[in-house]
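Chain by chain, the residues:
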Amino acid sequence: MPTNRMKKPRSLDAALAIVLLWALCPCRARSQCDKSPEDPKLNLSVTYDLPTFTANTTIENLVTLNGIVYVGAVNRIYALSPDLELLSEFHTGPLFGNQTCRKQESGGGAGAGGQTHEQRVDNHNLALLVETMYDKGLFSCGSADHGVCRRHVLDDGTAGLQPVDQEVYCFQSRFQPSDRFQPSDPNRVTGPSGSQVLNVESNFIQFFVGNSEFPGPRRNASGGGGGGEPHTMSVRKMKTSQNGFTFFSNRSYIDLIPPLRGSYYLRYVHSFHSGPFTYFLTVQRASRDSEAYHTRIVRMCSSDLEIRRYVEMPLECIAPDKRRRRRRSMEDLKVFNVVQAATVAKVGHDPDLQKQLKVVEGDDVLFAAFARSQPNSPEPTAHSAVCVISLDNINNLFKRYMSKCNTVDPYHFTGSDKKSCYNVSSSDDCGLHEGTREGKEGEYRLEVTQFVQRLEYWHKELSNTLVTSISVAPVHGRTVAYLGTADGRHIQVLFSRNASPHVHIRLDTSPVSPSVVLLPEHGALLLATGNKITKVPLIGPGCGQLMSCTSCLLSSGVTGCGWCDGRCTRSPQCPAPSTWTQDHCAPVITKVSPASAPLKGSTVVTVCGRNFGFNKTESFKSSLVAVEVGGAVCKLSRQDNVNRWTELHCSPVASGNFTPSGHMVKVTSGHKVAQIMDGFSFVDPVIKEIFPEFGPKSGGTMLTIRGAHLDTGNRREVTIGKKTCSIQSVTSSMLTCKTPDQADPSSVPVKLTVDSVERHAPNPFTYNQDPVINTIQPLRSFISGGCTVSAHGFFLQSGLQPQMVLTTTHHDQEFQVSCVYGENRTSIQCTTPSLARLALQPPVVTKVAFVLDGFYTPQMDLLYVEDPLFQDPKLTSKDNKSIVELKGDHMDKEAMKCQVLTVSNHSCESLILVGNTLQCTVPNEVHSGASTKELQVEWRQADSIRHLGKVTLAQEQDYIGLVVGCVCVSLLLMMLGSLLMWRRNKHIDDLSEVWYDGRAHIQHLDRLANARSVSPSNEMVSHESVDYRTTLLEGSVFKTINQTISYLTSCSGGGTGSPMVQPSRTLKNNHTGGHIIYCCLDPEEPVLSEFCL
């Protein structure tokens, strides 16, 4: 069944010599060396003063003839000298809508005087080309001229060229009222959407024209006036009268089928002539029903006066991912599908380019700049690639696919996409008998269904860059590409797979035009940006952008630059007596990694620097380089995947009885040596301890290994048993890793491997049973958080760092809270976070899980309730306890278990909710201190503390000492009373035993009795009077009793506050009329003090 679907090749033909020389490519391994200003990059801040020409309007086309530069701009044609001096100019506009070649069409409206009300339109230069067959003419075709071209005769009859405005002819000579432009009019050359016009000179001048078509309303060339449209593809010749064009027949042109007019995208980008063929490059839809876009190369025979032999073939640049050795699918390719600019040049005496493309000197080669388009759009993105293919290979591909009948009818021109074949002859040189098709000789219009994709990528400098122009020229035997970008930059680079640009300057802010003029005899090229032309030397404007010695000397064959005093210059800019060289670059070491390694390990040492193994070629010469680290020879590894000249990889050779010596790193490159004294050393890594030594068997414990030289070498691996412990951080003295899981509780060894050298920990790591959480208390928290949740279960001691993870069920908000272990590690205590900022309506259901060293317990429900609204606190007492009472609303009993209420920073001794009243028992430790105390009542939340108010606590009197004193005194009085009664009875008995003059005789008191028995009047005292001995006895007893009471009172702590004894009281002796004064016991003498009568 016929189809026009493009087929992707299953395999890419190795014989195709299509080379993608520039693209975004992650082809190299990631470098371990830091990028530095010394790397072979360009200093983009360097600017140059270059010759320029500024036009009045935007410049659109450039051509040259006999050293004169012709510029096609809006409303102007300029003639410039090679030094950009203005020689002459010709005005092409602006024009009125009914004018052509500055002449009014008959019947087109009012006369000259009546045109003032019409708006003039600018005349854009759609095509500018020269011919040398007749009078060295310049053809300029403008948009406001309805696609009609002018011919400027340049030949002045001598060897020179006359001004561009001297002799100008319009290729539409007749203007009659009935003369309206028709589609078949050969003088209507260009269209309003853009054109590619190519003249081919043989026995006569032929003009091949491709006019672009864009979706949208149909437009005429000037925006008004005229009729019809130019042909999509056509070939015409100039009349012998040199005042117009003519078609050979109605087969000299082809057009888009009517259904596609106004809806089909077809842009002609570039045209060129090579051998017997004429070629166009287009951007269009990939197939009839596809929304994707691609590039096609169109080929026609230049000798055909009709479009008899026409074939087009898809062409794409691809960048295969070289990180994958085998390409498995088209997804592994980066496709650059829309061409932006192109040029064809002959291969010069450049052995490198000839070898890469498998061509010989003099072959034509197509250099094309491609871009990746936006999805399902022809619009390019800022990702470009430059592809190169020889024209011989292109023609071989055409012949191969046509002979295999990989062709269909071009639907956009024929309305059919059925399979169509053509038998190509062996000659394929556009001869009359080149081939046959259904009995007709040499006639076909075909579309190849096979993609040309055998393209290899080269460079990464064009990422984030849209290339808009390309030109190629040989310089000193090397092929140099000159690129322009959409942001007005100019790039020069050798065509080589490994070359870097040696020029990268900004010309302007406007895009660089695809139209470029080479002036080989002047050693320059002209680039147009906006309304400005800049003249740039082919060898580059200077050497100042080249910052490294290697980049300087690599470009020296083209730029003439050399190295002088640490900078790139040309020889005249190198001051005497400095040395200017183009021969060598001295090696420089900037970094060594790692700085140490275990002895006899498998460490690969990376040496960063510059100019390693450089000998002015684009290849690294390992034979020129020798490396030594720490006294050991360092054997070079393969350098295929590292940066040339700036990075070395080597392995120390420390076999046998090698003894490390010093810390020097030395690199020898050629006859030059670079070294650093403290760059590398051999060390012995040691493990001293691990912490913790246990964790749950599910793993996740953050294990800390302490020791020495733990960060040495390149690669470290920690294993616990036979499983890897994932390393999280490492320093010289400490390494942390997350433990793997273990099937059963057990103790397993811990091992550190550094670059194949093994070290064992002194103690094993013990896997315990996984923790189990079966209950949490309380089950509710206030919305402001701050609740202390206690989790209880089994094997909680298995972990070291408990956490609580709380998740809201409807909003997927997650909170992680650090927790602590309770007493004896039998519980986990966590503080709930606040949900206030989430503005959720309570109650809010949340899920909590507990994480112990990475082990997650099953989730449990925790309900958040509305915060309580407290009134001012009040102080009461109950059972000799002080109670703080708070009344309020939303007093949730379960949430109140959270210990969120404090009194002077102390938790309540007990917390009871009675109705809407919360009772907090003030703890005993709050009572100590002054007689009165002000207590602060606070509600602790997760993010703040809310002060609820203050209460005053009165200091109560301590009666314990007083009670004890009273009891003791009562007991003593009872004892003394018993003693007194006993002494009285004993005294009576004694009086009956001893008598003297009728009285009982008591020794020691006789003299006192005799003295007092006689009054001053010699009156004898009667025996009925009170006996002084009795008084003495009774007074002594009273004194003893009162002194004891006083002592007990003062010593019992009552002091002046005691209600029982007053120290100033006296007892009156009723017998003698005297007073007994008593005091406390003397603290220094445990006897009764003196008393007075």
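Residues numbered from 1 in each chain as written. Predicted model: local features only at pLDDT ≥ 70, side-chain atom pairs only at ≥ 80, totals over all residues. Heavy atoms only, no water.

Chemist: Any chance you could explain the overall build of the chain here in plain terms?
Modeler: A count of helices and strands for the chain gives eight helices and 83 strands. Within the chain, the proportion of its 1093 residues that are buried is 49%. As presented, the chain carries roughly 52600 Å² of accessible surface, and 50% of it is formed by carbon and sulfur atoms. (Helix = DSSP H or I, 4+ residues; strand = E, 2+ residues; numbered from the N terminus. Buried < 20%, exposed > 50% of the residue type's maximum accessible area, 1.4 Å probe, protein only. Areas by Shrake-Rupley, 256 points an atom, 1.4 Å probe, with all protein chains shown as cover.)

Chemist: Quick question: what am I supposed to make of empty space enclosed by the protein here?
Modeler: For the structure shown, the criterion picks out five cavities of 30 Å³ or more. Size it by volume and the second largest cavity reaches roughly 50 Å³. In terms of lining residues, the second largest cavity is bounded by Gln-206, Val-235, Arg-236, Lys-237, Thr-246, Phe-247, Phe-248, Ser-252 and Leu-305. Per-element accounting of the lining of the second largest cavity gives the leading share, three residues, to strand 15 (residues 233-238). Here the residues of the lining of the second largest cavity are counted per class, giving four nonpolar, three polar and two charged. (1 Å grid on protein atoms, 1.4 Å probe; cavity = no way out; pocket = protein on both sides within 12 Å on 5 of 7 lines; lining within 4 Å. Points joined across faces, edges and corners; volume = space filled by probe spheres on them. Nonpolar A, V, L, I, M, F, W, Y, C, P; charged D, E, K, R; others polar.)

Chemist: What am I meant to see in the pattern of salt bridges here?
Modeler: Oppositely charged side chains may form a pair once their charged atoms are brought near each other. What the rule picks out here adds up to 25 salt bridges. Across the pair Arg-759 and Asp-684 runs a salt bridge whose closest N-O atoms are separated by 2.5 Å. Taken together, the positions of Arg-759 in strand 59 (residues 757-760) and Asp-684 in the loop between strand 50 (681-683) and strand 51 (686-691) put the pair 75 residues apart, joining distant regions of the chain. Its relative accessible area of 43% is what places Asp-684 among the partly exposed residues. Linking Asp-892 and Arg-780 is a salt bridge whose minimum nitrogen-to-oxygen distance equals 2.6 Å. Taken together, the positions of Asp-892 in the loop between strand 73 (881-889) and strand 74 (901-903) and Arg-780 in strand 62 (residues 780-782) put the pair 112 residues apart, joining distant regions of the chain. The structure contains a network of salt bridges with shared partners spanning Glu-213, Asp-255 and Arg-261. (Salt bridge = Lys/Arg side-chain N within 4 Å of Asp/Glu carboxyl O.)

Chemist: What am I meant to see in unusual backbone geometry here?
Modeler: Negative phi values dominate among residues other than glycine, just as trans dominates among peptide bonds. Following Gln-777, the chain continues into Pro-778 via a peptide bond in cis, with omega recorded as -10 degrees. Position of Pro-778 among the secondary structure elements: in the loop between strand 61 (772-777) and strand 62. Here the residue pair Pro-842 and Pro-843 is connected by a cis peptide bond, since its omega of 0 degrees sits within 30 degrees of zero. Along the chain, Pro-843 falls in the loop between strand 67 (827-831) and strand 68 (844-852). A positive phi angle, close to 60 degrees, is found at His-146, a residue other than glycine. Structurally, His-146 can be placed in the loop between strand 10 (137-142) and strand 11 (149-153). Note on His-146: relative accessible area 0%, which makes it buried. With a phi close to 75 degrees, Ser-756 is a non-glycine residue in the positive phi region. Inspection of the secondary structure puts Ser-756 in the loop between strand 58 (750-754) and strand 59.

Chemist: In this structure, what is going on with the state of the cysteines? I would like to understand it.
Modeler: Formally, a disulfide is one covalent bond, and it connects the sulfur atom of one cysteine to the sulfur atom of another. Scanning the model with the defined rule gives twelve disulfides in all. A sulfur-sulfur distance of 1.8 Å marks the disulfide that ties Cys-543 to Cys-561. Taking the torsion about the S-S bond as the criterion, the Cys-543 to Cys-561 disulfide, at about -90 degrees, is left-handed. Pair noted here: Cys-543 is in the loop between strand 39 (532-537) and helix 4 (549-554) and Cys-561 is in strand 40 (residues 561-564), with a separation of 18 residues, a long-range link. On the basis of relative accessibility, which here comes to 0%, the residue Cys-561 falls in the buried class. Paired by a disulfide, Cys-819 and Cys-830 hold their sulfur atoms 2.0 Å apart. Its S-S torsion of approximately 110 degrees makes the covalent link between Cys-819 and Cys-830 right-handed. (Disulfide = S-S within 2.5 Å.)

Chemist: Just to check I follow, could you spell out the nonpolar core for this structure?
Modeler: As a rule of thumb, soluble globular proteins bury nonpolar side chains together. Grouped together as the largest cluster of nonpolar side chains are 49 residues, with contacts concentrated most on Ile-828 and Phe-850. Residues contacting Phe-850, with those up to four places away along its chain left out, are Ile-773, Ile-776, Ala-791, Gln-803, Met-804, Cys-830, Phe-855, Tyr-856 and Thr-857. (Core = buried A, V, L, I, M, F, W, Y, C linked by side-chain atoms within 4.5 Å. Contact = heavy atoms within 4.5 Å.)

Chemist: I keep staring at the environment of Gln-797 and nothing clicks. Help me out?
Modeler: Here Gln-797 shows up in the loop between strand 63 (788-794) and strand 64 (802-808). Take Gln-797: its relative accessible area is 40%, and that puts it in the partly exposed class. Residues Gln-797 and Tyr-821 lie 24 residues apart in sequence; the distance between their C-alpha atoms is 8.8 Å.

Chemist: Teacher, can you tell me more about the packing of aromatic side chains here?
Modeler: Each aromatic ring pair is specified by the distance between its two centres and by the angle formed by the two planes. Counted by the stated rule, this structure contains 18 aromatic pairs. Between Tyr-422 and Tyr-444 the ring centres are 4.3 Å apart and the planes differ by 45 degrees, which places this aromatic pair in the tilted class. Here Tyr-444 lies in strand 31 (residues 444-448) and Tyr-422 lies in the loop between helix 3 (411-414) and strand 28 (423-424), a separation of 22 residues in the sequence. With relative accessibility at 2%, the residue Tyr-422 sits in the buried group. Residue classification places Tyr-444 among the buried positions, given a relative accessible area of 2%. With a centroid separation of 5.8 Å and an interplanar angle of 75 degrees, the aromatic rings of Phe-658 and Phe-682 are classed as edge-to-face. One end of the pair, Phe-658, is in the loop between strand 47 (647-653) and strand 48 (665-669); the other, Phe-682, is in strand 50, with 24 residues separating them in the sequence. Here a set of aromatic residues connected by ring pairs shows up, and it is made of Phe-139, Phe-171, Phe-207 and Phe-245. (Phe/Tyr/Trp six-rings, centres within 6.5 Å; stacked < 30°, edge-to-face > 60°.)

Chemist: What's the story with the environment of Val-408 in this structure? I'm lost.
Modeler: Mapped onto the elements of the fold, Val-408 is located in strand 27 (residues 407-408). Of the residues examined, Val-408 reaches a relative accessible area of 2% and is grouped as buried. Each C-alpha atom, one on Val-408 and one on Leu-446, is 5.8 Å from the other, the two residues being 38 residues apart in sequence.

Chemist: Help me out: how do you make sense of helix 2 (residues 391-403) in this one?
Modeler: Along an α-helix, residues three or four apart share an orientation, since each turn contains 3.6 residues. A rise of 1.5 Å per residue sets the reference length of helix 2, with its 13 residues, at 18 Å; its end C-alpha atoms lie 18 Å apart and thus fit the reference within 8%. Taken as a whole, helix 2 has its buried residues at Leu-391, Asn-393, Ile-394, Asn-395, Leu-397, Phe-398, Tyr-401 and Met-402. Looking one or two residues beyond helix 2, the residue adopting positive phi is Cys-405, at roughly 60 degrees. (Expected span 1.5 Å × (residues − 1).)

Chemist: Explain the sheet that holds strand 54 (residues 716-720) here, please?
Modeler: Sheets are built from strands that pair by backbone hydrogen bonding, the pairs being arranged parallel or antiparallel. Overall, antiparallel pairing links the seven strands, which are arranged 51-53-56-55-54-58-59 in an open sheet. Each edge of the sheet is formed by a strand with only one pairing partner; in this case those strands are strand 51 and strand 59. Between one strand and the next, the sheet's axes are offset by a mean angle of 30 degrees, whatever the strand orientation. As paired strands, strand 54 and strand 55 (residues 723-730) are joined by three bridges and run antiparallel to one another. Within strand 55, the residue paired with Ile-720 across the bridge is Lys-723. (Pairing = 2+ DSSP bridges. Axes fitted to C-alpha atoms, helices over the stretch in contact; angles between N-to-C directions.)

Chemist: Explain a nonpolar patch on the surface here, please?
Modeler: On the surface, Val-772, Phe-794 and Phe-795 cluster together to form a nonpolar patch covering roughly 280 Å² of accessible area. Mapped onto the secondary structure, Phe-794 falls in strand 63. (Patch = residues over 30% accessible without salt bridge, like charges linked within 9 Å, V, L, I, M, F, W, Y side chains within 5 Å.)

Chemist: Quick question: what am I supposed to make of the pairing of strand 35 (residues 489-494) here?
Modeler: Looking along a regular strand, one sees the side chains alternate between the two faces of the sheet. Most of strand 35 sits inside the fold, with six of its six residues counted as buried. Residues Arg-489, Ile-491 and Val-493 line one face of strand 35 and the alternating positions His-490, Gln-492 and Leu-494 line the opposite face, and both faces are buried. In this sheet, strand 35 lies alongside strand 34 (residues 478-485) in antiparallel orientation, the contact comprising five bridges. Considered in strand 35, the bridge of Tyr-482 is made with Gln-492. The hairpin turn running from strand 34 into strand 35, its antiparallel successor, is three residues long, and Gly-488 in that turn takes a positive phi close to 80 degrees. Looking at chain direction, strand 35 and strand 36 (residues 503-506) are connected through four bridges and run antiparallel.

Chemist: Would you mind showing me how to read the sheet that holds strand 39 here?
Modeler: The strand order across the open sheet formed by four strands is 2-39-38-37, and the pairing between neighbours is antiparallel. In this open sheet, the two strands that pair with only one neighbour each are strand 2 (52-54) and strand 37 (512-519). Ignoring which end each strand starts from, the neighbouring axes of this sheet average 20 degrees apart. Examined bridge by bridge, strand 38 (residues 524-529) and strand 39 share six bridges and lie antiparallel to one another. Within strand 39, the residue paired with Thr-529 across the bridge is Lys-532.

Chemist: How should the pairing of strand 26 (residues 380-390) be read in this particular structure?
Modeler: As paired strands, strand 25 (residues 364-373) and strand 26 are joined by eight bridges and run antiparallel to one another. From the neighbouring strand, Phe-370 faces strand 26, where its bridge partner is Ala-385. Following strand 25, the chain reverses through six residues before pairing antiparallel with strand 26; Asn-376 in that reversal takes a positive phi of roughly 55 degrees.

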